Each structure stands twice: as C-alpha cells, then as structure tokens.
Amino acid sequence: MLFVCLGNICRSPAAELVFSALLAERGLQHRFRCDSCGVAAYHVGQNPDSRMLAALRRAGIPYNGHRARQFQQADFHAFDLIIPQDEENRGDVLYQARTPADAAKVVPMSRWFPPECGLTEVPDPYYGGAGGFDRVVTLLRASCTALLEDLASRA
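Given the structure is predicted, the values throughout are model-derived calculations rather than measurements.

Colleague: Before we move on, can you summarise the sheet that holds strand β3 (residues 82–84) with the specific residues and values?
Modeller: For sheets, the rule is that strands pair by backbone hydrogen bonds, running either parallel or antiparallel. Pairing within the open sheet is parallel, and its 3 strands lie in the order β2-β1-β3. Where the open sheet ends on each side, the last strands, each with one partner, are β2 (35–38) and β3. Sheet twist, expressed as the mean angle between neighbouring strand axes with direction ignored, is 25 degrees. With 4 bridges joining them, strand β1 (residues 2–5) and β2 adopt parallel strand pairing. From the neighbouring strand, Cys 5 faces β2, where its bridge partner is Gly 38. Along the sheet face, helix α1 (residues 11–25) touches β1 and β2 and points at about 155 degrees away from the line of β1.

Colleague: How would you explain the nonpolar core if you had to name every residue and give the values?
Modeller: In this structure, Met 1, Phe 3, Phe 19 and Leu 147 are the most contacted members of the largest nonpolar core, which totals 36 residues. Elements represented by at least two residues in this core include exactly α1, α2 (50–58) and α6 (130–154). Among the elements that take part in this core, α6 stands out by supplying 9 residues, more than any other. Ignoring any residue separated from it by four or fewer positions in sequence, one finds Met 1 in contact with Phe 19, Phe 32, Arg 33, Cys 34, Asp 35, Phe 79, Leu 81, Ile 83, Leu 147 and Leu 151. With 10 residues, the next largest nonpolar core counts Leu 2, Ile 82, Val 93 and Val 106 among its residues.

Colleague: Can you lay out the pairing of β1 for me, pointing to particular residues and giving the numbers?
Modeller: Here β1 shows a buried face lined by Leu 2 and Val 4 and a second buried face lined by Phe 3 and Cys 5. Remark: the β1/α1/β2 crossover connection has right-handed handedness. With 3 bridges connecting them, β1 and β3 associate as parallel partners. Bridge assignment links Val 4 to a residue of β3, and that residue is Pro 84.

Colleague: Quick one: what's the story with the packing of α2 against α6, residue by residue and with numbers?
Modeller: In contact at an axis separation of 9 Å, α2 and α6 are set at 55 degrees when each is read in the N-to-C sense. One finds that α2 runs oblique with respect to α6. Where α2 crosses over α6, the handedness of that crossing is right-handed. In this structure, α2 contributes Arg 51, Met 52, Ala 55, Leu 56 and Arg 58 to the contact, and α6 contributes Ala 130, Phe 133, Asp 134, Val 136 and Val 137. For the contact of α2 with α6, a count of residues per class yields 7 nonpolar, no polar and 3 charged.

Colleague: Tell me about the layout of surface pockets, residues and numbers included.
Modeller: Approximately 240 Å³ is the volume attributed to the largest pocket. Around the largest pocket, the lining is made up of 13 residues, and of these Met 1, Phe 32, Phe 79, Asp 80 and Leu 81 lie nearest the centre. Here the residues of the lining of the largest pocket are counted per class, giving 8 nonpolar, no polar and 5 charged. Taken as a whole, the second largest pocket spans an internal volume of roughly 160 Å³.

Colleague: Residue-level account of the environment of Pro 123, with values.
Modeller: Mapped onto the secondary structure, Pro 123 falls in the loop between α5 (100–104) and α6. Residue class for Pro 123 comes out partly exposed when judged on its relative accessible area of 37%. Once the C-alpha coordinates of Pro 123 and Phe 133 are considered, the two residues, 10 residues apart in sequence, prove to be 9.2 Å apart. The contact partners of Pro 123, leaving out residues within four places of it in the chain, are Arg 11, Val 136 and Leu 139.

Scoring rules and cut-offs
- Residues numbered from 1 in each chain as written.
- Predicted model: local features only at pLDDT ≥ 70, side-chain atom pairs only at ≥ 80, totals over all residues.
- Heavy atoms only, no water.
- Pairing = 2+ DSSP bridges.
- Helix = DSSP H or I, 4+ residues; strand = E, 2+ residues; numbered from the N terminus.
- Axes fitted to C-alpha atoms, helices over the stretch in contact; angles between N-to-C directions.
- Contact = heavy atoms within 4.5 Å.
- Core = buried A, V, L, I, M, F, W, Y, C linked by side-chain atoms within 4.5 Å.
- Buried < 20%, exposed > 50% of the residue type's maximum accessible area, 1.4 Å probe, protein only.
- Right-handed = clockwise from strand over helix to strand, strands pointing away.
- Parallel < 35°, antiparallel > 145°, perpendicular 65-115°, else oblique.
- Left-handed = near helix turned anticlockwise from the far one by under 90°.
- Nonpolar A, V, L, I, M, F, W, Y, C, P; charged D, E, K, R; others polar.
- 1 Å grid on protein atoms, 1.4 Å probe; cavity = no way out; pocket = protein on both sides within 12 Å on 5 of 7 lines; lining within 4 Å.
- Points joined across faces, edges and corners; volume = space filled by probe spheres on them.

Function-wise, these values are silent; they only describe arrangement.
This is how it looks when you write it as structure tokens:
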C-alpha cells in the first residue's frame, strides 16, 4: 500500500512507518509492501520532518531511513491500495488516474478512522506544535490497526 500526503514529510511517512511497525509486531512484513509519497515535489529527497520523527520516537515507532518522493503514474501499477491522508491529496491522485481500476485503488485514510475521532481526514500538523504531531501519530496508529484488521479479514 502507498500512503500519500502533500509533501511526504509528515503524515504519509508516519502512516508508512506506523503500518510497517504493526506488520513487524505481527510478523507480517513479508506479506505487504508499503511506501509513502507526496503529491507535490516540495521536499523530494528529504527526511521526514524532525517533529514527526520525534513524535514517532515517543510512540516507539522506528524510522527506516525514508526519503520524500513524489507520486508518479507508475504507482497505480505498483500498488493495490493508495491511501491519501486528506481530500485534497485524494483529488490530486484521482486526477492522475487513467482508468476506473486506477481510481478504485484510491481509498482515503478516513475509511479506517475510529468512529469517535470526529475527523474526516488526517490533519496536517506542519504549521502547529508538537502536540499536533503526537495526535496524528495516535490517529494513524488506530487507523493503521483498523486497516490491517480489514486486510486480514479479506485474506
């Protein structure tokens, strides 16, 4: 699966790392390929935001050396599931879909949100403080857990 946000330095790499950690905890890392990218090229080649890395560290999520990259048309062929973190990113990815099959692979992260969270997209913590990054990691842990359970129920 491919997690997508705007610049690939906050939400999508966090989702990738959280999901990868969940896979490792369950010994399932060999069953899924996950990556992340951004719809914009602002940060290509950069590490995730240091505040996000700190929030992930506080949550016990290891960093794998990820470098930001931009979404590409080939990602529709490389991944079965493309998970944008917000509606703007979803629209940007769907704009690049060439077929109904491509578009069907695009499912918003909010599909796996806990019902009580009251959100419709993963908030972008970039312009806020450390607490926003921690809240995003907490939301992604719950959502990625639900995503993994959903995938396991289909297998």
